[in-house]
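# Coordinates in review
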Amino acid sequence: MTAGGTRPLIGVLALQGDFREHEAALAACGTASAEVRTRAQLEAVDGLIIPGGESTTIARLLLAYELMEPLRERIHAGMPIWGTCAGAILLANDVPGLDRPPLGVMDISVARNAFGRQIDSFEADLDVSGLEGGPMHAVFIRAPVITRVGPGVDVLARLSDGRVVAAREGRLLATSFHPELTQDGRMHLLFAAMVADAARTEAA
Ligand code: GLN
């Protein structure tokens, strides 16, 4: 049995940012989702996406909604989590220049707004390890870069200059880009598979 019932339920943190686009992307993949703004809603899901937006704002709202600690506890208890862009910043255990502590659950360092003003936003085709079907078209918006990965972290994708833009550490997934803004559902399907695997393991 999963927290959400018989089939895994993916939560989308809905405090700020592009959570609706994630919900639409999950729906397009045939995956059930629920918005998470309260502790009770957090308890009801089997995995959580933290969307893109403004990491400082989301960090403040996590504190104001008293979700920071409950979320850390669920992640430490094994709940899969995927952070896109601002969400990836919040997962990192080292983020220079963030005025509130991040969740700090993933052993990566992240540099915010790593591409400067000239290329606030850009698109690139990425080879993502583990995704079949060719490169993924990725949208970057005032994106962060992963500047360090700990020993337990797998790099999933790099830009052509070698900078890391997707990584996974067990049940934690971080992407600098926004798969919810394209029609390519492969990252959402990958995360849905991680959530289903975790729910099966908990049930066993
Ligand atoms: N630059 C934003 C931040 O630092 C992230 C941008 C995004 O999520 N698209 O939080």
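Going by the structure above, here's the rest.
Residues numbered from 1 in each chain as written. Predicted model: local features only at pLDDT ≥ 70, side-chain atom pairs only at ≥ 80, totals over all residues. Heavy atoms only, no water.

### Structural notes on the site of the ligand
- In the region of the ligand, the neighbouring residues are Gly52, Gly53, Glu54, Ser55, Cys85, Ala86, Ile89, Arg112, Asn113, Ile141, Arg142 and His178.
- With respect to the ligand, the backbone of Gly53 contributes an N or O atom lying 2.9 Å from an oxygen atom.
- The protein chains hide 96% of the 300 Å² of surface that the ligand would expose on its own.
- Each residue belonging to the shell around the ligand can be placed in one class, and the counts come to four nonpolar, five polar and three charged. (Near = heavy atom within 4 Å. Polar contact = N/O pair within 3.5 Å; in protein donor to acceptor, adjacent residues only side chain to side chain. Areas by Shrake-Rupley, 256 points an atom, 1.4 Å probe, with all protein chains shown as cover. Nonpolar A, V, L, I, M, F, W, Y, C, P; charged D, E, K, R; others polar.)

### Remarks on the packing of aromatic side chains
- In this structure the tally under the stated criterion is five aromatic pairs.
- When the ring of Trp82 is compared with that of Phe191, the centres are 5.8 Å apart and the planes differ by 50°; the resulting orientation is tilted. Residue Trp82 is located in strand 4 (residues 81–84), and its partner Phe191 is located in helix 6 (residues 186–203); the two are separated by 109 residues in the primary sequence.
- According to the relative accessible area criterion, Phe191 is buried, its value standing at 0%.
- Here the aromatic rings of Phe115 and Phe122 are separated by 4.8 Å at their centres, their planes lie at 70°, and the arrangement is edge-to-face. (Phe/Tyr/Trp six-rings, centres within 6.5 Å; stacked < 30°, edge-to-face > 60°. Helix = DSSP H or I, 4+ residues; strand = E, 2+ residues; numbered from the N terminus. Buried < 20%, exposed > 50% of the residue type's maximum accessible area, 1.4 Å probe, protein only.)

### Focus on the pattern of salt bridges
- Counted under the stated rule, the structure contains eleven salt bridges.
- Salt-bridge contacts for Arg72 lead to Glu69; the nearest nitrogen and oxygen are separated by 2.6 Å. Here Glu69 and Arg72 lie together in helix 4 (residues 68–76), a separation of three residues that amounts to about one turn.
- With a relative accessible area of 18%, Arg72 lands in the buried category.
- Put simply, Asp184 and Arg186 hold a salt bridge, and the shortest N to O gap is 2.7 Å. Each member of the pair, Asp184 as well as Arg186, is classed as buried.
- By sharing partners, the salt bridges in this structure join Glu54, Arg112 and Arg142 into a single network. (Salt bridge = Lys/Arg side-chain N within 4 Å of Asp/Glu carboxyl O.)

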